[in-house]
Amino acid sequence: MPVATKIKDAMERSSWIRKMFEEGIRLKALHGPDKVYDFSLGNPDLEPPENFHQVLGSVVAESSTGAHGYMPNAGYEETRAAVAGYVNREQGVKVESEHVVMTCGAAGALNCIFKALLDPGDEVIVSAPYFVEYGFYADNHGGNLRVVSTGKDFTLDPAAIEKAINPRTKVVLINSPNNPSGQIYDRTSLKQLGGLLAASSRKMDRTLYLVSDEPYRKIVYDGFEVPSIFQAYPNSIVATSYSKDVSLPGERIGYLVAHPEADEVRTLMRGFALANRILGFVNANALMQRVLTHLQGDCVDVKVYQARRDLFCQGLVDAGYEFFKPRGAFYLFPKSPVADEVSFVRLLQEENILVVPGSGFGSPGYFRIAFCVRERTIETALPGFARAMERALGRR
Ligand SMILES: Cc1ncc(COP(=O)(O)O)c(C=O)c1O
């Protein structure tokens with residue numbers, strides 16, 4: 001085996017998404033791409049807002065000498081100031097440019113945070129279902145995930161988190177709106193979480209950090225809002241990106257921002273900037289930083305995703321599926337009609353439908369549908385969902 005044991009294990013553990021990807025290629029070659037309904041990837045299909053292309057054009061036209069050179073590891077001062085101004089309004093807490101580090105997406109931000117915070121053996125508490133990559137990100141920096149359950153409809157369960165806290169805990173990681181459940185953690189549960197983290201930090205004489213992964217913050221439906229974590233707890237850090245709300249996942253651009261009143265915040269920020277450098281990112285993409293300086297708060301038309309969600313939900317209800325109606329992000333996480341969701345995912349594959357088993361997200365018995373695809377794909381796939389349900393019930 002040419003690769004290290006750890007990577008070999010990781011390749012096996014992440015095999016579900018890979019298997020789906022390979023199955024997609026096989027089915028598309030066999031039946032033609034328009035006969036395969038691929039709901040496996042969270043790759044937004046909407047183009048970036050028109051404004052993005054205009055700003056990109058003018059930034060390229062105006063590029064001055066040195067525009068493509070290295071910069072401070074935290075990013076351009078002008079960009080960080082623009083981000084800080086926006087975060088002020090979003091989180092309702094006064095943030096300065098010095099509290100922002102521009103990163104290679106939310107994934108880059110999370111890796112910088114873990115690199116700077118985790119000692120070997122430290123634990124990151126996460127609530128299931130959770131984004132599958134978190135385990136790899138923690139492990140990259142010697143950390144371990146400790147997974148706790150959520151409540152009804154995947155709501156945050158602060159009591160479960162409190163029970164899991166132990167002397168190795170360093171970070172509590174949350175993701176809201178959640179991939180894959182579409183749940184938004186409410187203000188009351190976040191306040192409760194903040195209170196218990198403050199009490200546990202005092203009791204253990206060790207700062208516990210709340211890290212909030214928020215790339216879907218702007219993708220919310222029915223007037224729901226995502227509460228501020230900065231107002232819930234001072235030792236908190238937000239990781240986010242422009243991948244989903246501005247549809248720029250390939251450009252690898254995002255940021256992390258720390259609460260200005262976090263303990264020893266200057267040292268913390270120096271740690272994050274150093275992590276950005278020594279992880280080999282060095283700094284986030286220069287051109288995208290210059291563009292996004294002018295696009296704070298921009299977002300694709302969320303109504304398009306909402307219409308797709310509604311179309312999908314209606315079809316799944318009609319076919320007898322049980323699920324939580326997502327309040328944000330662009331995923332559905334229905335219950336499998338049979339206990340072994342992998343066998344149900346195989347039934348769906350026989351209908352040329354690709355989804356991901358819940359085991360990949362720490363929640364067996366469910367499966368994930370990404371609905372960032374054309375409405376036509378959803379409409380054409382729905383009869384297949386209904387047939388798979390009937391066959392599963394017939395086999396029970
Ligand atoms: C919950 C969550 N966090 C982080 C990421 C990574 O985002 P980015 O592409 O901005 O690194 C994703 C991507 O799907 C995600 O769903």
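Residue positions are counted from 1 within each chain, in the order its sequence is given. Only residues with pLDDT of at least 70 are given local features in this predicted model, and only at 80 or more are side-chain atom pairs given and counted; all residues enter the totals for whole chains, interfaces and linings. By convention in this description, side-chain values take in all heavy atoms of the structure and omit both hydrogens and water.

Now for the site of the ligand. By convention in this text, a residue qualifies as near a molecule or strand provided that one of its non-hydrogen atoms is within 4 Å of it. Looking at the ligand, there are 14 residues lining it, with Asp213, Tyr216, Ser241, Ser243 and Arg252 nearest. In the model, an oxygen atom of the ligand is placed 2.7 Å from a nitrogen or oxygen of the Arg252 side chain. Each accessible area is a Shrake-Rupley result for a 1.4 Å probe, and residues are judged covered by the shown protein chains and nothing else. With the chains in place, 91% of the 390 Å² that the ligand exposes on its own is no longer accessible. Secondary structure counts use DSSP, requiring at least four H or I residues in a row for a helix and at least two E residues in a row for a strand, with both numbered from the N terminus. Top element by residues in the shell around the ligand is helix H5 (residues 105–117). It accounts for 3 residues. All residues other than Ala, Val, Leu, Ile, Met, Phe, Trp, Tyr, Cys, Pro, Asp, Glu, Lys and Arg, Gly among them, are scored as polar; the first ten of these are nonpolar and the last four charged. The class makeup of the residues in the shell around the ligand is 6 nonpolar, 5 polar and 3 charged. Here a polar contact is taken to be a pair of N or O atoms separated by no more than 3.5 Å, where protein atoms must pair a possible hydrogen donor with a possible acceptor and residues adjacent in sequence count only if both atoms sit in side chains.

A few words on the pairing of strand E5 (residues 169–175). Buried, partly exposed and exposed residues are distinguished by accessible area as a fraction of the type maximum, computed with a 1.4 Å probe on protein chains only: under 20%, between the cut-offs, and over 50%, respectively. Burial analysis of E5 places 7 of its 7 residues in the buried class, the great majority of the element. What makes two strands pair is DSSP finding at least two bridges between them. With 4 bridges joining them, strand E3 (residues 123–127) and E5 adopt parallel strand pairing. Residue Val126 lies in a different strand from E5, and its bridge partner there is Leu173. Crossover handedness is defined by viewing with both strands directed away from the observer: a clockwise path from the first strand over the helix to the second marks the crossover as right-handed. For the crossover from E5 across helix H8 (residues 187–204) to strand E6 (residues 209–213), the handedness is right-handed.

This brings us to the pattern of salt bridges. By convention in these notes, a salt bridge is any Lys or Arg side-chain nitrogen within 4 Å of a carboxyl oxygen on Asp or Glu. If you walk through the whole model with that rule in mind, you get 20 salt bridges. Linking Asp122 and Arg206 is a salt bridge whose minimum nitrogen-to-oxygen distance equals 3.1 Å. Here Asp122, found in the loop between H5 and E3, pairs with Arg206, found in the loop between H8 and E6; they are 84 residues apart in sequence, far enough to count as distant. The partner of Arg309 in a salt bridge is Asp222, with the nearest N and O atoms 2.9 Å apart. Here Arg309 is found in helix H11 (residues 302–318), whereas its partner Asp222 is found in the loop between E6 and strand E7 (236–241), with 87 residues between them in sequence. The class of Arg309 is buried, set by a relative accessible area of 1%.

With that settled, consider the nonpolar core. Put simply, buried Ala, Val, Leu, Ile, Met, Phe, Trp, Tyr and Cys residues joined by side-chain atoms within 4.5 Å make one nonpolar core. Grouped together as the largest cluster of nonpolar side chains are 49 residues, with contacts concentrated most on Phe39, Phe312, Tyr321 and Phe385. If one sorts the elements of this core by residue count, helix H13 (residues 375–395) sits on top with 7 residues.

Tracing the backbone shows Ala275 in helix H9 (residues 265–278). Setting aside anything within four residues of it in sequence, one finds Ala275 in contact with Cys112, Lys115 and Ala116. What makes two residues a contact is simply this: any of their non-hydrogen atoms within 4.5 Å.

Each disulfide consists of a covalent bond between the sulfur atoms of two cysteine residues. The term disulfide is used for any two cysteine sulfur atoms that are within 2.5 Å. One pass over the full model with this rule turns up 0 disulfides. Considering cysteine sulfurs only, Cys112 is the nearest to Cys104, which forms no disulfide, with 7.9 Å between them. The buried category is assigned to Cys104, whose relative accessible area is 16%. Cysteine Cys313 remains unbridged, with the sulfur of Cys372 as its closest cysteine sulfur at 14 Å. The exposure class of Cys313 is buried, given its relative accessible area of 5%.

All right, on to the sheet that holds strand E4 (residues 144–148) then. Taken together, the 7 strands give an open sheet; going across it, the order is E2-E8-E7-E6-E5-E3-E4, and neighbouring strands pair in mixed fashion. Looking at the sheet topology across the chains shown, the edges are occupied by strand E2 (100–103) and E4. Adjacent strand axes in the sheet meet at a mean angle of 20°, parallel and antiparallel pairs treated alike. Two strands pair when backbone bridges link them, and E3 and E4 are joined in this way by 5 bridges, in the parallel orientation. Considered in E4, the bridge of Ile125 is made with Arg146. Each axis is a line fitted through C-alpha atoms, and for a helix only the stretch in contact is used; angles between axes span 0 to 180 degrees, taken between their N-to-C directions. Each of E2, E6, E7 and strand E8 (254–258) touches H9; the most contacted strand, E2, lies at about 15° to it.

Looking now at the side chain of Asn276. One can find Asn276 in helix H9. Classification of Asn276 as buried rests on a relative accessible area of 0%. From its side chain, Asn276 meets the backbone oxygen of Met102 in a polar contact 3.0 Å long. Contacts of Asn276, omitting those with residues within four sequence positions, involve Asn73, Val101, Met102, Cys112, Phe281, Val282, Asn283 and Ala284.

Take the sheet that holds strand E9 (residues 331–332) next. Strands sit in the order E9-E12-E11 across an open sheet of 3 strands; the sheet is antiparallel. The strands lining the two open edges of the sheet, one partner per strand, are E9 and strand E11 (356–357). Direction of pairing for E11 relative to strand E12 (residues 367–370): antiparallel, over a ladder of 2 bridges. Counterpart to Val356 in the pairing with E12 is Arg368.

In the segment running from Ala128 into Pro129, the intervening peptide bond is cis, with an omega of 0°. Mapped onto the elements, Pro129 comes out in the loop between E3 and helix H6 (133–140). Residues Asn179 and Pro180 are joined by a peptide bond in cis, for which omega reads 20°. You can see Pro180 is positioned in the loop between E5 and H8. Even without being a glycine, Ser247 presents a positive backbone phi close to 55°.

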